[in-house]
Amino acid sequence: MSRPLRRWSRFHVASSRSRWCHRIHCCSPVSFLLAIASALFAILSGGAVSLAAVPLKTICRVKGQEENTLHGLGLVVGLKGTGDGGSFLPTVRSMGVALEMMGNPLGKNGLGELKDAKNVALVMVTAVVPAAGGRQGDKVDCTVHSVGSAKSLAGGTLFLTPLVGPNPKDERVYALAEGPITLDSTDMSTTGRIHGGCRFEADFFNPFIKDGRVTLVLEPAYADFQVAQETAELINSQMSVQTGGVPVAKAINQVNIEVLIPRQYADDPVLFVSQLLELPLMDVPLGPRVVINERSGTILIGGDVEIGPVVVTHKNMVIQAGGGALSQFVAVDSQQPQNPTLKSLVDALNALNTPPQDIITIIKGLERNGKLRAELILQ
């Protein structure tokens with residue numbers, strides 16, 4: 001017999017700094033860390049956090065320095081009867097092509113010879129190229145996902161698979177992937193990882209200069225018209241000696257700042273960019289952040305992180321956060337904003353003895369749903 005749903009109605013907590021240490025319902029590690037984080041933010045900054053001066057490299061990146069994904073279709077062999085089987089024709093055809101390329105073409109019966117092949121599975125292989133790019137011979141992890149009817153990839157080995165770039169019109173092979181598969185979770189037996197299984201066969205770098213200019217891209221937590229304009233003004237003032245007072249930086253919008261490389265740096269743009277990213281910007285506001293370490297189950301919430309009105313249904317419980325006409329819990333502070341805080345939601349979950357990993361799953365769901373009013377950082 002299933003357990004009845006427990007309903008926790010809309011809740012409020014005090015936003016006043018003097019009342020930051022309200023009652024914690026469950027003495028779990030998550031609650032303890034949340035209390036410490038809230039105390040530090042409340043005592044040191046009163047809720048609004050800013051830095052006296054930060055280098056530009058902490059709030060922005062150079063356009064072109066982004067992660068990219070390589071992909072390809074491959075075959076996993078060596079399975080213990082948990083493969084796609086002979087009835088899944090895409091796998092059978094791929095096996096036929098692989099055998100022919102290895103000098104062992106099919107006989108008179110063609111693909112019918114592979115009808116009993118149950119130890120092979122067709123998979124999608126992906127690998128992430130770091131933001132700094134990759135050199136020939138570098139190795140990175142790759143992930144495999146079953147695309148057929150395989151029951152499990154446990155014990156399998158990825159057959160040598162070519163990987164192409166993100167541009168579908170570019171047929172160049174940038175890397176080769178192969179190796180034994182490790183399952184991250186037994187619950188996800190059709191998805192696995194190969195540690196260091198992707199080796200670059202060609203250099204993969206994105207250009208960071210276009211038409212003699214570089215573009216600085218503000219991180220989402222700092223994307224703001226004022227921050228963009230102040231960044232451009234800082235660059236122009238600090239580079240005035242080298243440029244003879246001619247402005248070289250211009251804020252294009254709230255995210256992008258375009259910077260012209262001075263003539264004296266034309267032959268050494270790396271030196272210019274390195275100096276550019278070290279320029280200190282004063283009084284940069286730090287947006288709210290939530291830092292999660294999924295391995296240890298640690299959750300750190302900065303400041304009064306708010307969430308939008310939402311109803312969370314998870315396993316045997318239902319929690320309504322904000323937006324309800326009725327409430328069993330009265331606000332502790334009448335000056336509290338309309339939206340509930342993430343810390344209140346976590347405290348409510350702790351009161352229901354929710355495991356830390358389930359809390360992390362709920363927070364990630366809030367972020368995907370656009371209800372988390374903060375930057376989510378996963379470690």
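(A) Summary view of the environment of Pro-130. Tracing the backbone shows Pro-130 in the loop between β5 (121-129) and β6 (139-146). Between the C-alpha atoms of Pro-130 and Thr-69, which are 61 residues apart in sequence, the distance is 9.0 Å. With near-sequence residues (within four places) excluded, Pro-130 lies in contact with Glu-66, Glu-67 and Val-140.

(B) Structural context of the packing of aromatic side chains. Applying the stated criterion across every chain yields a total of 2 aromatic pairs. Aromatic pair Tyr-174 and Phe-204: ring centres 4.9 Å apart, planes at 65°, arrangement edge-to-face. Placement of Tyr-174 in strand β8 (residues 173-180) and of Phe-204 in the loop between β9 (191-200) and β10 (213-218) is noted, with a sequence separation of 30 residues between them. Note on Phe-204: relative accessible area 8%, which makes it buried. Centre to centre, the rings of Tyr-265 and Phe-272 are 5.3 Å apart; their planes meet at 50°, and the pair counts as tilted. A single burial state applies to Tyr-265 and to Phe-272, both of which are buried.

(C) Spatial organisation of a nonpolar patch on the surface. Side chains of Val-77, Val-97, Met-101, Met-102, Phe-159 and Leu-160 sit close together on the surface and give an oily, nonpolar patch of about 580 Å² of accessible area. Breaking the nonpolar patch down by element, the ones donating at least two residues are α2 (89-101) and β7 (157-164). As for its placement among the helices and strands, Phe-159 is situated in strand β7.

(D) Representation of the nonpolar core within the structure. Ranked by internal contacts, the top residues of the largest apolar core, which has 28 residues, are Ile-59, Leu-216, Ile-235 and Val-259. Contributions of two or more residues to this core are made by β3 (60-62), β10, α3 (225-238), β12 (256-260), α5 (269-277) and β13 (280-285). No other element matches the 5 residues that α3 contributes to this core. Other than its neighbours up to four places away in sequence, Ile-59 contacts Val-54, Val-217, Leu-218, Glu-219, Tyr-222, Val-227, Thr-231, Leu-281 and Val-284. Ranked by size, the runner-up nonpolar core spans 25 residues in total, among them Ile-301, Leu-345, Leu-366 and Ala-374.

(E) Expanded view of α2. Taking 1.5 Å per residue as the helical rise, α2 with its 13 residues ought to reach 18 Å, and the 18 Å between its terminal C-alpha atoms agrees with that figure. Among the residues of α2, Thr-91, Val-92, Met-95, Gly-96 and Ala-98 are the ones counted as buried. The arc enclosing the buried residues of α2, seen along the axis, measures out at 165°, which places them on a common side. Seen from the open side of α2, the exposed residues pointing more than 90 degrees away from its buried face are Glu-100 and Met-101. Contact partners of the buried residues in α2: β4 (68-77), β5 and β7. Looking one or two places after α2, you find Gly-103, whose phi comes out positive at around 80°.

Rules and cut-offs
- Residues numbered from 1 in each chain as written.
- Predicted model: local features only at pLDDT ≥ 70, side-chain atom pairs only at ≥ 80, totals over all residues.
- Heavy atoms only, no water.
- Helix = DSSP H or I, 4+ residues; strand = E, 2+ residues; numbered from the N terminus.
- Contact = heavy atoms within 4.5 Å.
- Phe/Tyr/Trp six-rings, centres within 6.5 Å; stacked < 30°, edge-to-face > 60°.
- Buried < 20%, exposed > 50% of the residue type's maximum accessible area, 1.4 Å probe, protein only.
- Patch = residues over 30% accessible without salt bridge, like charges linked within 9 Å, V, L, I, M, F, W, Y side chains within 5 Å.
- Areas by Shrake-Rupley, 256 points an atom, 1.4 Å probe, with all protein chains shown as cover.
- Salt bridge = Lys/Arg side-chain N within 4 Å of Asp/Glu carboxyl O.
- Core = buried A, V, L, I, M, F, W, Y, C linked by side-chain atoms within 4.5 Å.
- Expected span 1.5 Å × (residues − 1).
- Arc of directions from axis to C-beta.

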